[in-house]
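# Summary of structural features
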Amino acid sequence: MATTYVVGNFKGGVGKTKLVTMLAYENAAVKGKRTLVVDLDPQGNATSILAKTGDIPVIERNITNGFIDGDLTKQITNILPNLDIIGSNTAFRSLPKILMKKFPDDDLSAMTYLRKLLEPLQASYDSIYLDVPPTISDYSDNAMMAADYCIIVLQTQSLSLDGAKTYIAYMQYLADTFDSKLDILGIVACMLRPGGRVDESIIEEARQTYGNNVLSTVIRYQERLKAYDVEGIHVGETKSGLKDSWDIKAHGVFVDVLDELNAHEDVFRKMKEARQ
Ligand SMILES: Nc1ncnc2c1ncn2[C@@H]1O[C@H](COP(=O)(O)OP(=O)(O)OP(=O)(O)O)[C@@H](O)[C@H]1O
Ligand SMILES: [Mg+2]
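Here is what the cut-offs are and how they apply
Residues numbered from 1 in each chain as written. Chains lettered and ligands numbered in written order. Predicted model: local features only at pLDDT ≥ 70, side-chain atom pairs only at ≥ 80, totals over all residues. Heavy atoms only, no water. Helix = DSSP H or I, 4+ residues; strand = E, 2+ residues; numbered from the N terminus. Buried < 20%, exposed > 50% of the residue type's maximum accessible area, 1.4 Å probe, protein only. Pairing = 2+ DSSP bridges. Axes fitted to C-alpha atoms, helices over the stretch in contact; angles between N-to-C directions. Contact = heavy atoms within 4.5 Å. Near = heavy atom within 4 Å. Polar contact = N/O pair within 3.5 Å; in protein donor to acceptor, adjacent residues only side chain to side chain. Areas by Shrake-Rupley, 256 points an atom, 1.4 Å probe, with all protein chains shown as cover. Nonpolar A, V, L, I, M, F, W, Y, C, P; charged D, E, K, R; others polar. Phe/Tyr/Trp six-rings, centres within 6.5 Å; stacked < 30°, edge-to-face > 60°. Salt bridge = Lys/Arg side-chain N within 4 Å of Asp/Glu carboxyl O. Arc of directions from axis to C-beta.

## Observations regarding unusual backbone geometry
Of note in the backbone geometry, Asp 55 takes a positive phi value of approximately 55° without being a glycine. Among the secondary structure elements, Asp 55 is positioned in the loop between helix H2 (45-53) and helix H3 (63-69). Given a relative accessible area of 71%, Asp 55 falls into the exposed group. Despite not being glycine, Asp 179 shows a phi value in the positive range, around 60°. Along the chain, Asp 179 falls in the loop between helix H8 (162-178) and strand S7 (183-190). When its relative accessible area of 64% is taken as the criterion, Asp 179 is described as exposed.

Structural data, given as structure tokens:
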């Protein structure tokens with residue numbers, strides 16, 4: 001059975017897609033886990049990054065057709081060993097219309113449609129990562145209802161926890177109203193401005209509010225991470241056959257994030273087992 005993760009924050013451009021694509025890459029390439037990325041964003045950023053990563057000129061199969069046909073199993077594209085994607089493109093802006101047509105009077109079925117469509121894929125993967133646009137919308141509702149855990153991105157330069165706080169409050173609303181099963185697996189501080197400082201006061205405020213949910217690994221600005229948007233994610237080699245040290249550094253941060261998240265997941269698993 002796969003575990004499903006959504007990376008969330010109701011703010012744009014905070015590093016959600018970077019986190020999804022890098023975690024999925026490390027999970028597949030370093031940890032050897034069968035990994036699926038589901039791109040729910042009509043911008044298709046994760047799709048384009050992973051297409052470049054797998055040297056695939058265009059990803060034809062896509063989530064829109066899967067949602068229309070009621071079958072995602074035929075929309076999977078392989079990127080690397082252990083790493084697949086269900087890609088997205090601008091056609092997926094029609095999601096509200098698709099849901100309206102399929103479930104005219106049934107909000108709950110509309111919100112849990114992705115969860116239902118992922119069921120047949122559960123046995124084929126260890127981990128499923130959902131990438132969503134930064135809005136409270138049919139996209140985020142479906143992702144939050146389908147996921148077991150959310151990983152929250154905290155932008156440490158915005159001088160506020162706003163986008164993350166709204167996300168957590170909305171998560172609570174879904175749990176209370178629709179009995180969603182989502183837990184916060186971890187809160188990851190990201191810093192996207194070149195030369196910017198990590199705002200320790202924001203991290204401290206987050207620690208006071210959310211305790212050990214805040215990971216000790218911080219994702220700092222790295223040119224190399226930005227370059228993966230155009231070059232695809234990779235580990236290059238120098239002329240003398242050594243691994244490129246900038247790539248090692250860029251990947252190392254996300255392996256650390258993954259290790260911390262896995263440790264949190266072990267704690268959740270033990271708590272759940274103890275309750276049974
Ligand atoms: N740690 C980092 N170092 C350098 N650049 C980064 C880092 N994280 C993200 N970026 C860059 O910042 C930009 C925004 O990141 P990303 O697309 O991951 O944000 P997002 O939250 O998914 O945005 P959206 O809300 O539009 O989906 C991208 O150009 C990405 O390459
Ligand atoms: Mg994104």
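## Quick look at the sheet that holds strand S8 (residues 214-219)
Taken in spatial order, the 8 strands make up an open sheet running S3-S4-S2-S5-S1-S6-S7-S8, and their pairing is mixed. Every other strand in the sheet has two partners, leaving strand S3 (77-80) and S8 as the edge strands with one partner each. On average, each strand axis in the sheet is tilted by 25° relative to the strand beside it, whichever way the strands run. Sheet analysis places strand S2 (residues 35-39) next to strand S5 (residues 127-131), joined by 5 bridges and oriented parallel. Counterpart to Leu 36 in the pairing with S5 is Ile 128. Taken strand by strand, H8 contacts strand S1 (3-8), strand S6 (149-155) and S7, and its axis lies near 160° from that of S6.

## What to know about the site of ligand 1
Of all residues adjacent to ligand 1, which total 19 residues, the nearest are Lys 16, Thr 17, Lys 18, Leu 192 and Asp 229. Within the backbone of Val 14, a nitrogen or oxygen atom sits 2.9 Å from an oxygen atom of ligand 1. Between ligand 1 and Arg 220 there is a distance of 3.0 Å, counted from a nitrogen atom to a backbone nitrogen or oxygen. Within the complex, the protein chains bury 86% of what would otherwise be the 630 Å² of accessible surface of ligand 1. Broken down by secondary-structure element, the contributors of at least two residues to the shell around ligand 1 are helix H1 (16-29) and helix H10 (223-231). Split into classes, the residues belonging to the shell around ligand 1 amount to 6 nonpolar, 6 polar and 7 charged.

## Regarding the packing of aromatic side chains
One pass over the structure, following the stated rule, counts 11 aromatic pairs. A ring pair is formed by Phe 10 and Tyr 167, whose centres lie 4.9 Å apart and whose planes are at 45°; its orientation type is tilted. Highlighted residues: Phe 10 in the loop between S1 and H1 and Tyr 167 in helix H8, separated in sequence by 157 residues. There is no split in this pair, since Phe 10 and Tyr 167 are both buried. Between the aromatic rings of Tyr 149 and Phe 268, the centroid separation amounts to 5.4 Å while the plane-to-plane angle is 55°, which identifies the pairing as tilted.

## Brief notes about the pattern of salt bridges
Where charged atoms of side chains with opposite charge meet at close range, the side chains can pair. All told, the structure shown has 11 salt bridges when counted by the stated rule. Across the salt bridge formed by Lys 165 and Glu 205, the nearest N and O atoms sit 3.4 Å from each other. Taken together, the residues span a long stretch of sequence, with Lys 165 in helix H8 and Glu 205 in helix H9 (residues 200-210) at a distance of 40 residues. Given a relative accessible area of 36%, Lys 165 falls into the partly exposed group. Glu 205 gets classed as partly exposed once you look at its relative accessible area, which sits at 33%. The closest approach of N and O atoms between Arg 224 and Asp 247, which form a salt bridge, is 3.0 Å. One end of the pair, Arg 224, is in helix H10; the other, Asp 247, is in helix H11 (residues 245-275), with 23 residues separating them in the sequence. You can call Asp 247 buried: its relative accessible area is 0%.

## Examining helix H7 (residues 138-146)
It helps to recall that an α-helix has 3.6 residues per turn; residues three or four apart then point in one direction. Within H7, 8 of the 9 residues are buried, leaving the element largely enclosed by the surrounding structure. Within the sequence span of H7, burial applies to Tyr 139, Ser 140, Asp 141, Asn 142, Ala 143, Met 144, Met 145 and Ala 146. Tucked inside the fold, the buried residues of H7 contact S1, helix H4 (95-102), helix H5 (107-111), helix H6 (113-118), S5 and H8.

## Details of H9
For H9, the set of buried residues is Ile 202, Ile 203, Ala 206 and Tyr 210. All buried residues of H9 project into a common sector of 95° when viewed along the axis, lining one side. Of the surrounding elements, those touching the buried residues of H9 are S6, H8, S7 and S8. In the stretch just after H9, Gly 211 is the one whose phi turns positive, near 55°.

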